[in-house]
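Given next are the chains, with one letter for each unit.
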Amino acid sequence: MNRYHFRGFTLIELLVVIAIIGILSAVVLASLNTARSKGNDAAMKANLDTIRKQAVIYFNDNGQYAATDLSACSGDLFSDQTVVAAITAAGTSGAVTCFATAGEAGGYAVAGQLKDGSYWCVDSKGVARGAPTAPTGVTCP
C-alpha cells in the first residue's frame with residue numbers, strides 16, 4: 001500500500017470553490033469600477049482647481065481674462081499653457097465648458113462633466129461647487 005495516497009476533490013467541491021471565487025471577483029470588480037469613477041472625478045476637480053489658480057496669475061499679469069467675450073475653451077485666458085494642459089486633462093474625463101469676458105469687471109467660468117452627469121464648476125468669484133448643468137455665462141449655476 002502506498003503511504004502517500006492522496007484523496008482527490010470531488011466535482012461538487014470544485015464547483016463550490018469556483019462559484020465562491022466567481023462571486024468574490026464580481027464584488028471586487030464592481031468596487032473597482034466605482035473607485036475608478038471617483039478617481040476620474042477627483043482628477044477633473046483637481047484640473048479645474050489648477051485652472052482657477054492659473055486664472056488668478058493670468059489676471060494679475062494681464063488685467064483681464066479675455067479681450068473679447070469667449071464661449072469656447074480657446075483664446076486669451078484659455079490660451080495660457082497651464083490652462084490648456086488642465087483643460088485637456090479634464091476633457092479626458094468628460095465634457096469641459098468655458099466662458100470668459102473682457103475687462104476688469106469681466107470673469108470666467110469653467111465646468112467639467114462628472115461621471116454621474118452633473119458638473120463641477122469653478123468661476124472668477126472663487127466658487128468651486130457641483131452643479132446640475134454647465135454654466136452659460138461667467139458664474140457657476
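Check the entry above for the structure.
Residues numbered from 1 in each chain as written. Predicted model: local features only at pLDDT ≥ 70, side-chain atom pairs only at ≥ 80, totals over all residues. Heavy atoms only, no water.

1. Quick word on the overall build of the chain
Item 1. Each helix and strand in the chain was counted, giving 2 helices and 4 strands.
Item 2. Reading the helices (α) and strands (β) of the chain from amino to carboxyl end gives α-α-β-β-β-β.
Item 3. Computed over the C-alpha atoms, the radius of gyration of the chain is 25 Å, more than 25% above the 14 Å expected from 2.2 N^0.38 for a compact globule of 141 residues.
Item 4. When its C-alpha atoms are laid out on the principal axes, the chain stretches across 95 × 30 × 20 Å.
Item 5. Looking at the chain as a whole, 29% of its 141 residues are labelled buried.
Item 6. The distance from the centre of the 10 positive side-chain charges to the centre of the 10 negative ones in the chain is 18 Å. (Helix = DSSP H or I, 4+ residues; strand = E, 2+ residues; numbered from the N terminus. Rg over C-alpha atoms; globule rule 2.2 N^0.38 Å. Buried < 20%, exposed > 50% of the residue type's maximum accessible area, 1.4 Å probe, protein only. Lys, Arg positive; Asp, Glu negative; His and termini not counted. Charge placed at Lys NZ, Arg CZ, Asp CG, Glu CD.)

2. Structural notes on the packing of aromatic side chains
Item 1. Counting across every chain of the model gives 2 aromatic pairs.
Item 2. Measuring from centroid to centroid gives 5.0 Å for F59 and Y65, while their planes differ by 35°, and the two rings are tilted.
Item 3. In this structure F59 comes out as partly exposed when scored by relative accessible area, which is 21%.
Item 4. Accessibility expressed as a relative area gives 8% for Y65, which makes it buried.
Item 5. Consider the rings of Y65 and Y108, whose centres lie 4.9 Å apart with planes at 65°: the pair is edge-to-face. Placement of Y65 in the loop between α1 (11–62) and α2 (81–91) and of Y108 in strand β2 (residues 108–113) is noted, with a sequence separation of 43 residues between them. For the pair shown, Y65 and Y108 are each scored as buried. (Phe/Tyr/Trp six-rings, centres within 6.5 Å; stacked < 30°, edge-to-face > 60°.)

3. Describing the state of the cysteines
Item 1. Counted by the stated rule, this structure contains 2 disulfides.
Item 2. Across a sulfur-sulfur distance of 2.0 Å, C73 and C98 are joined as a disulfide pair. Between C73 and C98 the sulfur-sulfur dihedral comes to about 90°; the bridge is accordingly right-handed. Taken together, the residues C73 in the loop between α1 and α2 and C98 in strand β1 (residues 96–100) connect sequence positions 25 residues apart. (Disulfide = S-S within 2.5 Å.)

Coordinates in, geometry out; function isn't part of it.
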